[in-house]
Structures are given as C-alpha cells and as structure tokens.
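Given next are the chains, with one letter for each unit.
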Amino acid sequence: AVVGEDEQALAVGVKPAGILGANVLLCTSFAMDYRSGLAGWNQPALPDAAEVPAKFDNASVFVLAEIGGRPLPLLVDTGASCNLLLFQDWQGGRDEAGEMHAVRAGTASDEKVIIARLDSLVLGKTIFPAPQFRLNDSHRCLGTTFFAGRAFRLDPSRQTVEIAPRPAEAIPPGDAAGVRR
C-alpha cells in the first residue's frame, strides 16, 4: 500500500486523525520518499540508496555515523524537525577564548540556538555532504532536515536503513566519489 499527499488533509486548521509511531512503522519494512511524497510498507529496496547497518531497539532506530572521524550513534527520528548533535560532539571551531563558531546563531525562547554545518556525515560507506545540526546538551538524531529531498527505507528484518541521496548529491553506487571502501 502506498499513501500519497492529500492536499485537503494538509490544509491549514485540519487536525490529523492520528500519528503513526515507530511501533506501527517498524512491524515490517517501511519506506518514505520525500522526493515524491509517497510512503508505504513492504516496499522494494531503494536502488540508489546507501545501505547503513542499524540497531532496532524497541521503538527506536539508531545508525552509527562518523562525524569528525569519530563514530557516534544517531537516532533516526523522522518526526524531529531538525538534526541534533551534542555540543561536545562538534569540533567545528572555537577561538582562543573557547567560544564556538557556527554557521548561524540566534535565540529561541530563552535558550541560545547554534546551528553548525558539518563538512560531511559518513553513514555506512557513503559520505553525505554538509548537513546542518542544531547543537544541544542532550540528544543526537537525524531529523527531517536530513531526510528532506531524499528517500529512505527502514528494514527491521535486515537491521538496515537505506538512505537515497538528494538528486543534487547524485552519489552513484560502486566506486564513485562519495563512497568509501
């Protein structure tokens, strides 16, 4: 079964009838294609995707990412509005006084918001260029800012997450630049 966007259901003021949580999404393979707006269960493998080993833990899915040469677990959270990374994980730049330098800084409510752009994010053998992360003190996750423009497939039986590149990234399979050996 494939479900597409319903223009009327997305209209302003319409409340959703419910939310599909991980306990429903992870009963079998589940795919979502942000490029076409389609989602469904029991979908075939994504031919242009990077296959990333994953840990399916109850209702959570984790992937091991390489950031700044270090392996870090990231929660796959398609409901999160942004990517999150711990302050301590980001080695993007500090001046002599220890102040962080980031792409953009501002405030949200009473907290300081720091958005950092990484040079790259390595998942499995694939390098994804320049993702942005909101730095925080408590969580690491890949959210919709990472998945937007991509397709992905969660496969609990194979313990993998397949992530397709954005069309502009055009990371071909095999020996192409962007794929590690």
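Basis of the calculations
- Within every chain, residues take consecutive numbers counted from 1 along the sequence as written.
- Local features in this predicted model are restricted to residues whose pLDDT is 70 or higher, and side-chain atom pairs enter the listing and the counts only when it is 80 or higher, whereas totals over whole chains, interfaces and linings include all residues.
- For the side-chain quantities, the full set of heavy atoms in the structure was used; hydrogens and water were omitted.
- Helix and strand assignments follow DSSP, with helices taken as H or I runs no shorter than four residues and strands as E runs no shorter than two, numbered in order from the N terminus.
- To sort residues, take the accessible area from a 1.4 Å probe on protein chains only and compare it with the maximum for the residue type: under 20% means buried, over 50% means exposed, and anything in between is partly exposed.
- We call two residues in contact whenever any of their non-hydrogen atoms come within 4.5 Å of each other.
- Each accessible area is a Shrake-Rupley result for a 1.4 Å probe, and residues are judged covered by the shown protein chains and nothing else.
- For the purposes of this section, nonpolar cores are sets of buried Ala, Val, Leu, Ile, Met, Phe, Trp, Tyr and Cys residues that join through side-chain atoms within 4.5 Å.
- Between N or O atoms, a polar contact is any pair within 3.5 Å; within protein, one atom must be a potential hydrogen donor and the other a potential acceptor, and residues adjacent in sequence are included only when both atoms are from side chains.
- A carboxyl oxygen of Asp or Glu within 4 Å of a side-chain nitrogen of Lys or Arg is what we treat as a salt bridge.
- Each residue carries a pLDDT score, the predictor's confidence in it, ranging from 0 to 100.

Q: For this particular structure, what's the right way to read the overall build of the protein chain?
A: Each helix and strand in the protein chain was counted, giving 2 helices and 15 strands. The buried share of the protein chain, reckoned over its 181 residues, is 36%. For the protein chain, long-range pairs separated by at least 24 residues make up 56% of all intrachain contacts whose partners lie at least 6 apart in sequence. Counting every atom, the protein chain has about 10600 Å² of accessible surface; 53% of that belongs to carbon and sulfur.

Q: Looking at this structure, I do not really get the nonpolar core. What am I missing?
A: Most often, soluble globular proteins have nonpolar side chains that are buried together. Among the nonpolar cores identified, the biggest contains 28 residues, and V63, L121, L123, L142 and I163 are the most heavily contacted of them. Among residues more than four places away in sequence, those in contact with L142 are V63, L74, L75, V76, D77, T78, N83, L121, L123, F133 and F147.

Q: When you look at the environment of S60 in this model, what are you seeing that I'm missing?
A: Of note, S60 is situated in strand β5 (residues 60–67). For S60, a relative accessible area of 25% translates into the label partly exposed. The spatial distance from the C-alpha of S60 to the C-alpha of L75 is 7.1 Å, given a sequence separation of 15 residues. Excluding anything up to four places from it in sequence, S60 contacts K55 and L75.

Q: Before we go on, may I ask you to explain the environment of E51 in this structure?
A: You can see E51 is positioned in strand β4 (residues 50–57). When the C-alpha atoms of E51 and G124 are compared, they prove to be 6.8 Å apart, with 73 residues separating the residues in sequence. Leave out the neighbours within four places in its chain, and E51 touches R158, T160, V161 and E162. A distance of 2.8 Å separates polar atoms of two side chains, one belonging to E51 and the other to R158.

Q: Mind showing me how you'd approach unusual backbone geometry here?
A: Among all residues save glycine, negative phi is the norm, and among peptide bonds the norm is trans. One non-glycine residue, A130, lies in the positive phi region at around 45 degrees. Checked against the element boundaries, A130 lands in the loop between β11 (126–129) and β12 (132–136). Of note in the backbone geometry, Q159 takes a positive phi value of approximately 55 degrees without being a glycine. Mapping Q159 onto the fold places it in the loop between β14 (151–155) and β15 (160–163). Relative accessible area serves as the criterion here: at 33%, Q159 is assigned to the partly exposed category.

Q: In this structure, what is going on with the pattern of salt bridges? I would like to understand it.
A: If charged atoms from side chains of opposite charge come close, those side chains can pair. Inspection of every chain in the model, using the stated rule, returns 7 salt bridges. Across the salt bridge formed by D89 and R140, the nearest N and O atoms sit 2.5 Å from each other. Taken together, the residues D89 in the loop between β7 (84–86) and β8 (104–108) and R140 in the loop between β12 and β13 (141–142) connect sequence positions 51 residues apart. In this structure R140 comes out as partly exposed when scored by relative accessible area, which is 22%. Put simply, D155 and R153 hold a salt bridge, and the shortest N to O gap is 3.4 Å. Note on accessibility: D155 and R153 belong to one class, buried.

Q: I'm lost on the confidence of the model for the protein chain in this one. Help?
A: Per-chain confidence: the protein chain averages 75 in pLDDT, with 65% of residues scoring 70 or above. When the criterion is pLDDT under 50, residues 93–101 qualifies, and its contacts beyond four places in sequence or with other chains add up to 13 contacts. Across residues 170–181, where pLDDT falls below 50, the model places 18 contacts with residues more than four positions away in sequence or in other chains.

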